[in-house]
Amino acid sequence: MVYGVIRLLCCFSWRLEWRKGRVHPLVNSLRARLRSKQMPLNIIHYADGLPRIILTEPGGSSAEVLLYGGQVVSWKNERREELLFISSKASWKPPRAIRGGIPVCFPQFGNLGSLEQHGFARNRLWSLDSCPSPLPPANNQSTVDLILKSTEEDHKMWPRSFELRLRISLGAGKLTLIPRVRNTDNKVFSFTFALRNYLCVSDISEVRVEGLETLDYFDNLMQKERFTEQADAITFDGEVDRVYLSTPTKIAIIDHEKKRTLVLRKEGLPDAVVWNPWDKKAKVLPDFGDEDYMTMLCVDSAAIENKIVLKPFEEWKGRQELSVVSSSYCSGQLDPQKVLYGFS
């Protein structure tokens with residue numbers, strides 16, 4: 001009973017902070033009591049100096065999350081196979097962004113604005129969020145809540161006050177991310193957003209992306225000119241950099257050689273970015289191995305075409321779930337219609 005009251009009060013703590021202009025002593029007390037009820041997170045320190053939160057679940061899969069960038073940098077299935085790509089030349093030294101995993105692009109995607117490429121959230125140090133209101137506090141070792149609050153340094157580049165939260169949850173065969181942005185400013189602001197999913201594939205030439213056929217897209221290789229997808233599926237034999245618009249909630253990435261399909265489900269993120277640099281671009285990217293393009297593909301959940309607009313103290317929430325489906329077909333293919341529209 002007491003714990004239930006504490007949780008309820010903590011969920012409204014942000015209102016107390018706003019009204020008083022500072023953290024209310026009661027809020028600090030409630031948060032301390034809540035933290036004592038939660039299971040400790042498994043945090044390890046590697047030689048690169050970046051603390052990693054290790055998420056595990058009973059089925060044997062795992063994920064690694066950095067406080068730097070709030071970035072997932074590893075997701076392994078129960079057979080310890082890596083599902084996310086990390087560049088062989090990735091830089092692990094702040095303030096450089098880490099090439100791979102699932103970077104958070106906020107408050108700008110790409111170069112669609114005056115800020116640095118993909119915004120600044122991916123090269124900031126995030127904090128553990130002990131009261132992720134209105135989500136209930138996590139009480140297991142397969143979920144972590146992170147928060148990034150605007151600083152004076154951020155205001156010099158982007159004069160807006162915000163709280164960016166991210167819940168990362170690991171389940172059997174799936175990885176779920178729930179991003180939220182709250183406007184803590186006294187004026188309206190807008191932003192673009194993406195979860196940039198660097199996926200590990202066996203051979204890019206053997207990969208198909210289903211679910212984006214007949215949709216319009218901006219081609220970044222053609223000065224962002226708008227086209228309509230004519231192919232039944234997206235396949236790869238050269239550089240691709242496209243923003244697909246008003247996409248479905250499910251997209252399938254079919255890896256024939258691995259006989260495995262990754263399914264991307266998303267909410268509140270209407271667009272999808274598909275990117276592979278191919279050989280020439282790979283050679284000029286300083287943090288990308290010359291041959292890395294062969295074993296990676298980005299399929300991102302994004303809100304790009306129409307900016308997200310928040311009034312003071314409004315909050316936006318998105319959701320993404322990546323799941324793995326094994327193929328039951330001798331050819332190594334999985335019927336995309338069953339993936340996209342459900343199994344009977």
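Residues numbered from 1 in each chain as written. Predicted model: local features only at pLDDT ≥ 70, side-chain atom pairs only at ≥ 80, totals over all residues. Heavy atoms only, no water.

In the nomenclature of an unreviewed UniProt entry, the protein corresponds to glucose-6-phosphate 1-epimerase from the organism Nelumbo nucifera. Its UniProt record gives the protein the following Sequence similarities (unreviewed entry) comment, quoted word for word: "Belongs to the glucose-6-phosphate 1-epimerase family." Taken verbatim from the UniProt record of the protein, the Catalytic activity (unreviewed entry) comment is "alpha-D-glucose 6-phosphate = beta-D-glucose 6-phosphate". (UniProt positions renumbered as here; feature names shortened; annotations may be inferred.)

**Q** So what exactly am I meant to see when it comes to the pairing of strand E16 (residues 250-255) here?
**A** If a strand is regular, its side chains alternate between the two faces of the sheet. Taken across its 6 residues, E16 has 5 buried, putting it largely inside the fold. As defined by bridge partners, strand E12 (residues 207-210) adjoins E16 across 4 bridges and the pair is classed as antiparallel. Across the sheet, the residue bridging to Glu 210 is Ala 252, located in E16. In this sheet, strand E17 (residues 260-267) lies alongside E16 in antiparallel orientation, the contact comprising 6 bridges. Counterpart to Asp 255 in the pairing with E17 is Arg 260. (Buried < 20%, exposed > 50% of the residue type's maximum accessible area, 1.4 Å probe, protein only. Helix = DSSP H or I, 4+ residues; strand = E, 2+ residues; numbered from the N terminus. Pairing = 2+ DSSP bridges.)

**Q** When you look at the pairing of strand E3 (residues 62-66) in this model, what are you seeing that I'm missing?
**A** Judged by how many residues are buried, E3 sits mostly within the fold: 5 of 5 residues are covered. Taken together, the 5 bridges between strand E2 (residues 51-56) and E3 define a ladder with antiparallel strand orientation. Bridge pairing in E3 places Ile 54 opposite Glu 64. Here E3 pairs with strand E4 (residues 72-76) via 4 bridges, running antiparallel. Note on E4: the bridge partner recorded for Val 65 is Val 72. Between E3 and E4, which pair antiparallel and follow one another directly, the connecting turn spans 5 residues, one of which, Gly 69, has a positive phi of 85°.

**Q** Sorry if this is basic, but what is going on with the environment of Thr 295 here?
**A** Counting through the fold element by element, Thr 295 comes out in the loop between helix H5 (278-284) and strand E19 (296-310). Accessibility expressed as a relative area gives 29% for Thr 295, which makes it partly exposed.

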